[in-house]
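# Structure at a glance
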Amino acid sequence: MKASTSLRTLALQKFKKNFWGVFSLAFLVLATLVAIFAYAIAPDNSKNANQMHLSIHSKSPGFEVEMLHIPSTEITQNGLSVFFFGKETTASEIPISNYTITETGIDVIEYTADGTEGIVKSYPLSVFPKLTTATQIASTYVLKKKFVLGTDKYGRDLLSRMLIGIRVSLAIGFVAVFISLLIGVSLGAIAGFYGGKIDAAIMWLINVTWSIPTLLLVIAITLALGKGFWQVFIAVGLTMWVEVARVVRGQVMGVKQMQYVTAAKALGFSNWRIITQHILPNSLAPVIIISAANFAGAILIESGLSFLGIGAQPPMPSWGGIIKDHYAYIILGKPYLAIIPGLAIMSLVTAFMLMGNALRDVLDVKN
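### Thoughts on the side chain of T239
When you line up the elements, T239 lands in helix 9 (residues 229-239). In this structure T239 comes out as buried when scored by relative accessible area, which is 10%. Engagement of the side chain of T239 in a polar contact is seen with the backbone oxygen of V236, the distance being 2.8 Å. Those residues in contact with T239 that lie beyond four places of it in its chain are T214, L217, V218 and I221.

This is how it looks when you write it as structure tokens:
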């Protein structure tokens with residue numbers, strides 16, 4: 001036990017000295033926290049950050065406009081539901097360029113993108129049920145709103161869409177890696193430990209799956225299961241287990257020749273106990289490194305599927321989906337609408353790759 005603790009301490013010390021490993025870990029922890037608290041910190045906390053304002057579409061970062069909030073019948077939601085899934089609301093917001101308080105309500109001039117005079121609309125006091133006088137409308141329901149990253153082509157807050165979209169990327173990574181580990185470790189351990197015909201059958205399955213291009217296989221599975229969030233999870237996970245299985249098989253074939261495994265067999269331990277308690281714990285170091293790379297790969301595949309329109313379906317925000325909606329804007333003078341989610345994907349994938357490299361250096365017993 002002391003030796004194990006000592007090895008863990010040495011590994012931790014080596015990891016702390018790896019600048020890029022520590023930096024990528026801190027970045028991934030921050031990204032995870034942002035994903036968890038996305039609706040709490042997003043300026044638009046409506047479900048899927050889907051508040052559309054077509055009159056202010058495709059605005060540059062830092063754009064500000066006054067908004068008239070029109071309340072509606074409140075939908076009963078508990079705090080936990082709002083925290084995880086956003087606020088379900090039928091209320092609307094109207095961008096305005098000017099307003100006038102009257103005795104019976106408020107007159108507003110709607111905002112127009114080309115600077116021309118907007119439509120004048122009147123809203124009586126009865127639209128604002130919680131107020132008793134018209135003078136209270138301006139201070140309560142007219143708010144100045146700033147879009148830090150601008151707005152997308154539907155006039156939605158791009159920052160809110162980006163913050164909530166990180167959930168899709170991290171979730172697809174976690175679930176896909178979990179599925180790939182569950183299948184890959186199981187089949188790889190069985191093939192490596194038993195050998196013979198069992199090994200040949202599993203290797204045949206691995207080679208057949210390996211020979212099919214990953215993206216094509218994912219597309220085929222997605223089309224078979226249907227378009228949607230959970231279907232993408234399953235599809236990506238079912239295509240990433242092959243490399244895990246091959247590595248685990250090789251590791252198990254080497255470890256099962258060790259003397260402590262022979263001693264365990266002599267003591268009459270069951271094969272299940274030998275595999276799970278003696279072989280696998282000493283075979284998983286490379287699998288941890290592969291998992292980091294698979295995490296990055298899963299994020300890229302999900303982004304590609306969303307770009308093709310068979311990933312997370314609108315209005316659910318996805319970084320790949322945001323790029324799909326705005327890639328034409330690269331040549332239309334507003335490239336940031338596609339570059340911002342592209343940089344986000346690149347940063348997240350790079351962090352996982354750097355983490356994998358750091359774990360490889362730490363877990364390499366030759367160093």
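### Notes on the environment of A351
Tracing the sequence through the fold places A351 in helix 15 (residues 336-363). On the accessibility criterion, A351 (4% relative accessible area) is buried. For the pair A351 and A191, spaced 160 residues apart in sequence, the C-alpha separation works out to 33 Å. Among residues more than four places away in sequence, those in contact with A351 are S24, F27 and L28.

### Details of the confidence of the model for the protein
In this model, the protein carries a mean pLDDT of 87, and residues with pLDDT of at least 70 account for 96%. Confidence, expressed as mean pLDDT per element, reaches its minimum in the protein at helix 1 (residues 2-17) with 72 and its maximum at helix 2 (residues 19-36) with 94.

### Details of the packing of aromatic side chains
Evaluated as defined, the whole model comprises 13 aromatic pairs. When the ring of F83 is compared with that of F84, the centres are 4.9 Å apart and the planes differ by 85°; the resulting orientation is edge-to-face. Judged by relative accessible area, F83 falls into the partly exposed class, the value being 24%. Note on F84: relative accessible area 37%, which makes it partly exposed. Their ring planes at 85° and their centres at 5.1 Å tell us that F193 and Y194 sit as a pair that is edge-to-face.

### Remarks on empty space enclosed by the protein
Counted according to the given criterion, the structure contains 1 cavity of 30 Å³ or more. Considering only enclosed or pocket space, the largest cavity measures out at about 30 Å³ in volume. Together, D152, R156, L158, R161, I322, D325 and H326 line the largest cavity. Those elements giving two or more residues to the lining of the largest cavity turn out to be helix 6 (158-194) and helix 14 (319-326). The element best represented in the lining of the largest cavity is helix 14, accounting for 3 residues. Residues that form the lining of the largest cavity fall into these classes: 2 nonpolar, 1 polar and 4 charged.

### Here's the deal with the packing of helix 14 against helix 15
Running from N to C, helix 14 and helix 15 point in directions that differ by 155°, and their axes come no closer than 8 Å. One element, helix 14, and the other, helix 15, form an angle in the roughly antiparallel class. Read as a crossing pair, helix 14 and helix 15 show a hand that is left-handed. Residues W319, G320, I322, I323 and H326 of helix 14 pack against L337, A338, P341, G342, A344, I345 and L348 of helix 15. Each residue belonging to the contact of helix 14 with helix 15 can be placed in one class, and the counts come to 9 nonpolar, 3 polar and no charged.

### Comments concerning the sheet that holds strand 5 (residues 142-147)
Sheet strands associate in pairs through backbone hydrogen bonding, adopting either a parallel or an antiparallel arrangement. Spatial ordering of the open sheet is given by 4-3-2-1-5, a layout of 5 strands whose pairing is antiparallel. Edge strands, defined here as strands with exactly one partner in the open sheet, are strand 4 (120-124) and strand 5. Put simply, the sheet's adjacent strands are angled 55° from each other on average, direction ignored. With 5 bridges joining them, strand 3 (residues 105-110) and strand 4 adopt antiparallel strand pairing. Within strand 4, the position partnered with V108 by the bridge is K121.

### Some words on helix 14
Of all 8 residues in helix 14, 6 are buried; the element is thus mostly enclosed. Buried within helix 14 we find W319, G320, G321, I322, I323 and H326.

Parameters at a glance
- Residues numbered from 1 in each chain as written.
- Predicted model: local features only at pLDDT ≥ 70, side-chain atom pairs only at ≥ 80, totals over all residues.
- Heavy atoms only, no water.
- Helix = DSSP H or I, 4+ residues; strand = E, 2+ residues; numbered from the N terminus.
- Buried < 20%, exposed > 50% of the residue type's maximum accessible area, 1.4 Å probe, protein only.
- Polar contact = N/O pair within 3.5 Å; in protein donor to acceptor, adjacent residues only side chain to side chain.
- Contact = heavy atoms within 4.5 Å.
- pLDDT = per-residue confidence, 0-100.
- Phe/Tyr/Trp six-rings, centres within 6.5 Å; stacked < 30°, edge-to-face > 60°.
- 1 Å grid on protein atoms, 1.4 Å probe; cavity = no way out; pocket = protein on both sides within 12 Å on 5 of 7 lines; lining within 4 Å.
- Points joined across faces, edges and corners; volume = space filled by probe spheres on them.
- Nonpolar A, V, L, I, M, F, W, Y, C, P; charged D, E, K, R; others polar.
- Axes fitted to C-alpha atoms, helices over the stretch in contact; angles between N-to-C directions.
- Parallel < 35°, antiparallel > 145°, perpendicular 65-115°, else oblique.
- Left-handed = near helix turned anticlockwise from the far one by under 90°.
- Pairing = 2+ DSSP bridges.

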